[in-house]
Protein chains: 2
Amino acid sequence: MRPPAQVGQPLEEVDTPALVLELDAFERNLRALAGAVKGRKVRVRAHAKTHKCPEIAKRQIAAGAIGVCCQKVSEAEAMVEAGIADVLVTNEVVGAPKLERLAALAKRARIGVCADDAGNVRDLEAAAARAGAALDVYIELEVGMRRCGVAPEEPALALAHEIAGCRHLRFAGLQAYQGRAQHLRAMSERRAAIDAAAVAARTTRELIEQAGIRCPVVTGAGSGTFMLEIESGAWDEIQPGSYIFMDADYARNEWVAPLPRFEHSLFVLATVMSRPGAGLAVVDAGLKASSVDSGMPTVWQRPGLACTRMSDEHGCLEIGPGAAVPRLGEKLLLVPGHCDPTVNLYDWYVCVRGGVVEAIWPITARGAVY
Amino acid sequence: MRPPAQVGQPLEEVDTPALVLELDAFERNLRALAGAVKGRKVRVRAHAKTHKCPEIAKRQIAAGAIGVCCQKVSEAEAMVEAGIADVLVTNEVVGAPKLERLAALAKRARIGVCADDAGNVRDLEAAAARAGAALDVYIELEVGMRRCGVAPEEPALALAHEIAGCRHLRFAGLQAYQGRAQHLRAMSERRAAIDAAAVAARTTRELIEQAGIRCPVVTGAGSGTFMLEIESGAWDEIQPGSYIFMDADYARNEWVAPLPRFEHSLFVLATVMSRPGAGLAVVDAGLKASSVDSGMPTVWQRPGLACTRMSDEHGCLEIGPGAAVPRLGEKLLLVPGHCDPTVNLYDWYVCVRGGVVEAIWPITARGAVY
């Protein structure tokens, strides 16, 4: 797909739907995270699953991140290819072809991966041995997410023994990500969830170290909670992803100290393509332009306009009483409900500053699902 | 993105997640539609928004379709580029750059477009005049979908006059698509909705023809209702799209005569990447591999396994009592909840027959949203 814009073009001339990144807000978000962790004994490993874009990864590293996380081997390949030197796949990697690719990548960069199964650890060891590579392996700990991961304490210790016994694997520590906590609306709920995860991470680490196995790093945390992980003292590394964009779902959280303020920087630019009645405007962005798994997009800076439903190629905006009525052909900015799967629909970020296109960044790992 | 498979490979060796098309079932679906409309006074214009793939469009035309529909100019461009000679954009096209591209396309193929606004008709005329092209223009009629379209009868007549007065536009008829009817579960509800739409289409056409304007075609209908439109006699052309694939949402419809039986032919192949507990298996396909706007995918031919939630890169399968327990590394086929936005996540169809990859078809118009 060709880019929907050209550098130097005014925003209002950009073809739609387009994924727009407001650079000023994006850069303020980078600085807000750097400011929040300044002086704290924690390192930032930004999550590239959100943006899938080496241009953004490089800016996160320039702002202090030690490297990136990915969820898929193919994402990690895109990052290493672009010169990112330190990548953690915060996920299990299963199956011989993927393990071979992962091990090959570890010859070109520092590569970490998660495991929650002894058989998978042996497969990782075999792949690393064949490639003559060394892999960092983290135990994924189940800390309340009810997805992957082993239970804290004894099951994790057993797996740590397995990893520590492998010649080509380095036991790197614990992946302790409480994903369900990220969107608990009240800060008090998020704090309770992270406090519980911290206990699990800390007791498991102690048990492993008491067994004589060094457990160098506890990593985890997302944009909705990372300051809570930092304050607990149980994490050495945080993995925020969405903070650079702030989607409509995150904006529904109670967003207070100790978290810094992040701003919406990611938008879907859409055109009003039909005005079928007094109360309705239809835009040219639907399910293929904005993911709705976490709710409809909101309409940016247009009070009284609400996106109430989307079909494949249409978004229906209800026009509330007193709202400024959008005219046919008018362009509106939507704030996506969920940034990660929305980004994955596009090939390009149209990067805008002061209403003018400043750059076009390829979403290199778009569709990198395997 | 490179293809996740090679021709000749067994299905179980295909990298995951992958979008799999079972060719036998797909071809039976093509034949089922052809059989259902055989001898009926109606033509088929298959909807390419579903598949975005010229290889599939060509097979639909070989099975009797007179051409395809698209929703976006960029989709139409992909189809014309691949040699499809007759394309109807079943949607309003708004804004000078898109109108220019649409008019340019009409120099290379027969191109139709919908309109629901007089100002837009004048813009279409101006673009066609500048290009020296002729465009078929259909009035989009609001027949119960509550999206785009003008109201039946007088408002449609006024717009027909506008179109008929344009030198470079051919008034081609009415676009009357009752999208909301497609997923009404009971056949009786669908029939009531289509009966009402038929009245609107018929009275509007009569009014326009009484005014001395020929109204050659009424087009519309989807996979969930098309035989009802045919039986009503009010439509000359049908636009089914999903019938080739059948997704999990369509399968929840009461699926009885006069509709033919279609089969699931589209699947997401996924790998079990974690078995964190007795009742749960986690696969490597999440929101970026299967759209959930119309519900979770179902697990193909594995009774007792239910996909109950998905996150960006994970699908959680609950293992019911008595279900065969999937092992780590096992591959499963998921039936997507909604085929159109799921297809739009992938670059390739992995086409399989008898458990072996027979072809890889590019999803040429993937991401063609503008």
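None of these values were measured; they are calculated from a predicted model.

A. Here's a closer look at helix 6 (residues 154-164) of chain A. All names here are of chain A. Turning to helix 6, its buried residues number three or more, namely A156, L159, A160, E162 and I163. Projected down its long axis, helix 6 shows its buried positions confined to an angular sector of 160 degrees, all on one face. Residues of helix 6 that are buried in the fold lie against strand 5 (110-115), helix 5 (118-131), strand 6 (135-140), strand 7 (169-175) and helix 7 (187-210).

B. Structural detail: the interface of chain B and chain A. If you look at the interface, chain B gives 50 residues, while chain A gives 50 residues. Those elements giving two or more residues to the side of chain B that touches chain A turn out to be strand 4 (86-92), helix 5 (118-131), strand 10 (266-277), strand 14 (314-319) and helix 10 (339-343) of chain B. Ranked by the residues each element gives to the side of chain B that touches chain A, the list is headed by strand 10 of chain B, at four residues. Grouping the amino acids of the side of chain B that touches chain A by side-chain chemistry returns 20 nonpolar, 16 polar and 14 charged.

C. Spatial organisation of the environment of D117 of chain A. Residue and element names in this part refer to chain A. Looking at the secondary structure, you find D117 in the loop between strand 5 and helix 5. Among the residues examined, D117 registers 22 C-beta atoms within 10 Å and is labelled buried. For the pair D117 and G149, spaced 32 residues apart in the sequence, the C-alpha separation amounts to 8.4 Å.

D. Inspection of the relation of the copies chain B and chain A at higher detail. With an RMSD of 0.0 Å, the fit of chain B onto chain A corresponds to turning through 180 degrees and sliding 0.0 Å along the axis. A rotation of that kind, with that shift, is consistent with a two-fold axis. Comparing interface residues between copies, 100% of those in chain B also sit at the interface in chain A, which points to an isologous, same-surface contact.

E. Fine view of the sheet that holds strand 7 of chain A. All names here are of chain A. Ordered in space as 2-3-4-5-6-7-8-9, the eight strands form a closed barrel in which the pairing is parallel. One ladder, built from two bridges, connects strand 2 (residues 43-47) with strand 9 (residues 237-238); its direction is parallel. Looking at the pairing, V44 lines up with I238 of strand 9.

Basis of the calculations
Residues numbered from 1 in each chain as written. Chains lettered and ligands numbered in written order. Predicted model: local features only at pLDDT ≥ 70, side-chain atom pairs only at ≥ 80, totals over all residues. Buried ≥ 20, exposed ≤ 12 C-beta atoms within 10 Å, placed from the backbone. Helix = DSSP H or I, 4+ residues; strand = E, 2+ residues; numbered from the N terminus. Arc of directions from axis to C-beta. Contact = placed C-beta atoms within 7 Å. Nonpolar A, V, L, I, M, F, W, Y, C, P; charged D, E, K, R; others polar. Least-squares fit on C-alpha atoms with pLDDT ≥ 70 in both. Pairing = 2+ DSSP bridges.

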